[in-house]
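Residue-level structure breakdown
One letter stands for each residue in the lines below.
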Amino acid sequence: MKKLRKEFPVLQQYTYLNTASSGLLYEGLTQYRQAHDQEFLAGGSIFRTQQQTYLQSVKTRIKNFLKAPTATVALTPNVSTGFNHLMSGLDTRQKVLLLDSEYPSVTIAATSKPFEVCYATVSDTLEENILQAIQQHQPDIFMCSLVQYTDGMAIDVSLFREIKDRYPHLMIIVDGTQYCGTAAFNFDTSGIDILGASGYKWLLGGYGNGFLLFADDMLAATTPKTFTDSVQHSDYESSYTDPIARYECGHLDTLNFGSLGFSIDMLSTIGIEQIEAHIHDLTTHAKEELTKMQLLSKTVIARTKHSPIFNIRGDEQLYQQLMANDIISSLKGDGVRISLHGYNTHEELSKLFATLHRYC
């Protein structure tokens, strides 16, 4: 991972523990983006003639990275936009199960429409709470973030397969923005019907790119009849009549989506399993030390597994003290949120712990 760090100029100046807010640009990606725009500058519309083939190659890389060979990929500027399109096309007579402290874009995508909404409680027994809520409320759709953005509470990935086996007709929609890029993942066997993610965090793709992965026939099943009827007897080109057009309407930016594809290649070259092992090592170390310092909630401490996101007991003053020591974090919820990626090190954690000991 030391070789990876050299690619990120920010790390030469700061202890960057804020990937949950924004992933970093890096030298290789910047060079790619400059070369892309130089080609556009030189070729104009000629450069764009192969855009569909190029964007299809990005989709292929997403599918390979997430082990989703049979899935359909929709490219979208961000997961929030994608989920809003998705939920706008579903029958609102259905019941949607959400988590009670969910990411606002996930919650609003459901609650801003006339669905019947019910909730599962986020606690140290999260998986049990979800199963009990499904049994109690009998929802048609379960929509959640795989990792909670405020404190890093993570759903055990195996739960989705269990739910799908027990409730095969329940549609499972998952936001993987705070998860994709942290661990190896097999979408094809996960039990998830639709996985969405924005690419600017752990995927290191910069802003303006994201995707939805649709399992099996889920794209067709979630396409509203109004769309199908409007294009069925038209003479539009296939790019307008394909159900994917609901998400990929208008022109797609090859710079932004190409950046996502480039970073997926970079992560794949390093090896997502190697990145996962390093993040797990950092996460385990961080949880042990922060627990000793009594800076984590009892709910997080009680969990066996945790994501690389932690919410530390603290306030604006602590946040400013970390900033004064060149440690980048975020004020989030009732505390200060830190988050770890493959470019972070144990030495950086030691600096964090030493700073916390001085001010906590």
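A brief structural summary. (Residues numbered from 1 in each chain as written. Predicted model: local features only at pLDDT ≥ 70, side-chain atom pairs only at ≥ 80, totals over all residues. Heavy atoms only, no water.)

What about the pairing of strand 9 (residues 309–313)?
Put simply, the rule is: The rule is simple: take the accessible area with a 1.4 Å probe, protein chains only, and divide by the maximum for that residue type; under 20% is buried, over 50% is exposed, in between is partly exposed. Secondary structure elements follow DSSP: runs of H or I of four or more residues count as helices, runs of E of two or more count as strands, with numbering from the N terminus. Note: two strands are recorded as paired if DSSP finds a minimum of 2 bridges between them.
Burial analysis of strand 9 places four of its five residues in the buried class, the great majority of the element. Judged from the five bridges that link them, strand 9 and strand 12 (residues 335–339) form a sheet pairing that is antiparallel. Each bridged residue has a counterpart across the sheet, and for Ile 312 the counterpart in strand 12 is Val 336.

A word on the sheet that holds strand 12
Here is the rule: Axis angles are defined between N-to-C directions and span 0 to 180 degrees, where every axis is a line fitted to C-alpha atoms and, for a helix, only to the segment in contact.
The antiparallel open sheet is built from three strands, whose spatial order is 9-12-11. Among the strands making up the open sheet, the edge pair consists of strand 9 and strand 11 (330–332). Looking at each pair of strands side by side, their axes are set apart by 40 degrees on average, direction ignored. Where strand 11 meets strand 12, three bridges bridge the pair, whose relative direction is antiparallel. The residue bridging Leu 331 from the neighbouring strand is Val 336, located in strand 12.

Quick notes on the environment of Ile 328
How we decide: Note on contacts: a residue pair qualifies if any of its non-hydrogen atoms lie within 4.5 Å across the two residues.
Considering the arrangement of structural elements, one finds Ile 328 in strand 10 (residues 327–328). Through-space distance from the C-alpha of Ile 328 to that of Tyr 14 is 6.9 Å; in sequence the pair is 314 residues apart. If we ignore the near neighbours within four places in the chain, the residues touching Ile 328 are Tyr 14, Thr 15, Tyr 16, Leu 17, Asn 18 and Met 323.

Here we look at the sheet that holds strand 7 (residues 194–198)
The sheet built from seven strands is open, its strands ordered 2-8-7-6-5-3-4 with mixed pairing. The open sheet has two free edges, formed respectively by strand 2 (72–76) and strand 4 (116–120), since each of these has just one partner strand. The mean angle between the axes of side-by-side strands here comes to 20 degrees, regardless of whether they run parallel or antiparallel. Relative to strand 5 (residues 141–145), strand 3 (residues 95–99) is paired through two bridges, and the arrangement is parallel.

A word on the nonpolar core
Soluble globular proteins: nonpolar side chains tend toward being buried together. For the record, the criterion: The criterion is simple. A nonpolar core is a set of buried Ala, Val, Leu, Ile, Met, Phe, Trp, Tyr and Cys residues joined through side-chain atoms within 4.5 Å.
Counting residues in hydrophobic clusters, the biggest one holds 112 residues, and the most contacted among them are Ile 62, Met 87, Ile 130, Phe 142, Ile 163, Leu 213 and Leu 290. By residue number, the principal contributor to this core is helix 13 (residues 272–292), which donates six residues. Residues contacting Ile 163, with those up to four places away along its chain left out, are Ile 130, Leu 131, Ile 134, Phe 142, Pro 168, Leu 170 and Ile 172.

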